[in-house]
Amino acid sequence: MSRKFFVGGNWKMNGTKKVADELLSNLVKGPLDPNVEVLIGVPAIYLDFVKEKAPCNIYVAAQNCYKTEKGAFTGEISPSMLKDIGIDWVILGHSERRQIFQETDTLIAEKVNHALESGLSVVACIGETLEEREAGQTEAVVAKQIKAIKEKICNWQNVVIAYEPVWAIGTGKTASPQQAQDVHKILRKWLSDEVNETVAKTTRIIYGGSVTSSNCRELAKECDIDGFLVGGASLKPEFVEIVNANQ
Ligand SMILES: O=C[C@H](O)COP(=O)(O)O
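Just so you know, these numbers come straight off a predicted model, no measurement behind them. (Residues numbered from 1 in each chain as written. Predicted model: local features only at pLDDT ≥ 70, side-chain atom pairs only at ≥ 80, totals over all residues. Heavy atoms only, no water.)

A. Molecular detail of the sheet that holds strand 5 (residues 121-126). Spatially, 8 strands are ordered 1-2-3-4-5-6-7-8 in a closed barrel, and the strand pairing comes out parallel. Neighbouring strand axes in the sheet, compared pairwise and without regard to direction, differ in orientation by 25° on average. The sheet contact formed by strand 2 (residues 36-41) and strand 3 (residues 58-62) spans 4 bridges and is parallel. Opposite Val38, over in strand 3, you have Ile58 as the bridge partner. Strands in contact with helix 8 (residues 177-194) are strand 5, strand 6 (159-163) and strand 7 (205-208); relative to strand 7, the strand with the most contacts, it is inclined by about 150°. (Pairing = 2+ DSSP bridges. Helix = DSSP H or I, 4+ residues; strand = E, 2+ residues; numbered from the N terminus. Axes fitted to C-alpha atoms, helices over the stretch in contact; angles between N-to-C directions. Contact = heavy atoms within 4.5 Å.)

Shown next as structure tokens:
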């Protein structure tokens, strides 16, 4: 069962309308490998603007959403609001949400479940800190994070898992292809043992953490790395090269 390569660019809290236009032009110019699914994670305030302009071969994603449809949740946006403006994807559980905004495994799992039930597809992020890796806890940490999600959802069809070791995010310190592959393999085995073989074989597990045009090709060669979630380099022209890492 082949898994289509998937590359997301997470703009985080960056950009302006002008920058968004430039990034979109770069993607339109491409050329992008047609065998790759491409997503851009856009700040909420620019979602409508970008969705209107993005070509249909680029998925536009929110970087967060809340776990209920509507109500007294000042400052939040809901999956149904995203759907209302034509957005079909959301990134949830990013380590910056976990660390800076204290989002727990449970809250993230509830958000993933509600997003899926509302018809969104989800990039669900997990990953260990440097302290956890050095204490030999990587496997236990990612298993706990993915288990929390498993306990709340019943269908993995619209889920992409992003393994993003926190120590590699924005640090320029990429996981080696072997380090990333080792964790991706563990996660695939976990899916096989705890969900089922089909989900293990079909779910894309993408890597994030200082991916650039210089290291993407080596990482893409690993059999359990099905793409990337890119932060800093998604704001640069080199993002196209990362999308095309398999060419
Ligand atoms: O969502 C993307 C990740 O946080 C990776 O960010 P980075 O490529 O800047 O390290």
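What follows continues from the structure just given.
B. Seen up close, the side chain of Asn64. In this structure, Asn64 sits in the loop between strand 3 and helix 3 (79-84). Relative accessible area serves as the criterion here: at 14%, Asn64 is assigned to the buried category. Within polar-contact distance, the side chain of Asn64 engages the side chain of Lys111 at 2.8 Å. Discounting residues that sit within four places of it in the chain, Asn64 has contacts with Glu76, Ile77, Leu82, Val90, Ile91, Leu92, Arg97, Glu103 and Lys111. (Buried < 20%, exposed > 50% of the residue type's maximum accessible area, 1.4 Å probe, protein only. Polar contact = N/O pair within 3.5 Å; in protein donor to acceptor, adjacent residues only side chain to side chain.)

C. Inspection of the pairing of strand 5 at higher detail. A large share of strand 5 lies buried, amounting to 6 of its 6 residues. Residues Ser121, Val123 and Cys125 point to one face of strand 5 and Val122, Ala124 and Ile126 to the other, with burial holding for every one of them. Two strands pair when backbone bridges link them, and strand 4 (residues 89-92) and strand 5 are joined in this way by 4 bridges, in the parallel orientation. Residue Ile91 lies in a different strand from strand 5, and its bridge partner there is Val123. Looking at chain direction, strand 5 and strand 6 are connected through 5 bridges and run parallel. By the bridge assignment for strand 6, Cys125 is matched with Ala162.

D. Just the site of the ligand, in detail. Taken together, 13 residues are adjacent to the ligand, and Lys12, His94, Gly170, Ser210 and Gly232 come closest. For the ligand, an oxygen atom lies 3.0 Å from a polar atom in the side chain of Asn10. Here an oxygen atom of the ligand and a side-chain polar atom of Glu164 are 3.3 Å apart. Alone, the ligand offers 310 Å² of accessible surface; in the complex the protein occludes 95% of this. (Near = heavy atom within 4 Å. Areas by Shrake-Rupley, 256 points an atom, 1.4 Å probe, with all protein chains shown as cover.)

E. Inspection of the state of the cysteines at higher detail. Enumeration according to the criterion identifies 0 disulfides in this entry. With no disulfide of its own, Cys223 lies closest to Cys216 among cysteine sulfurs, the gap being 18 Å. Cys223 gets classed as exposed once you look at its relative accessible area, which sits at 56%. (Disulfide = S-S within 2.5 Å.)

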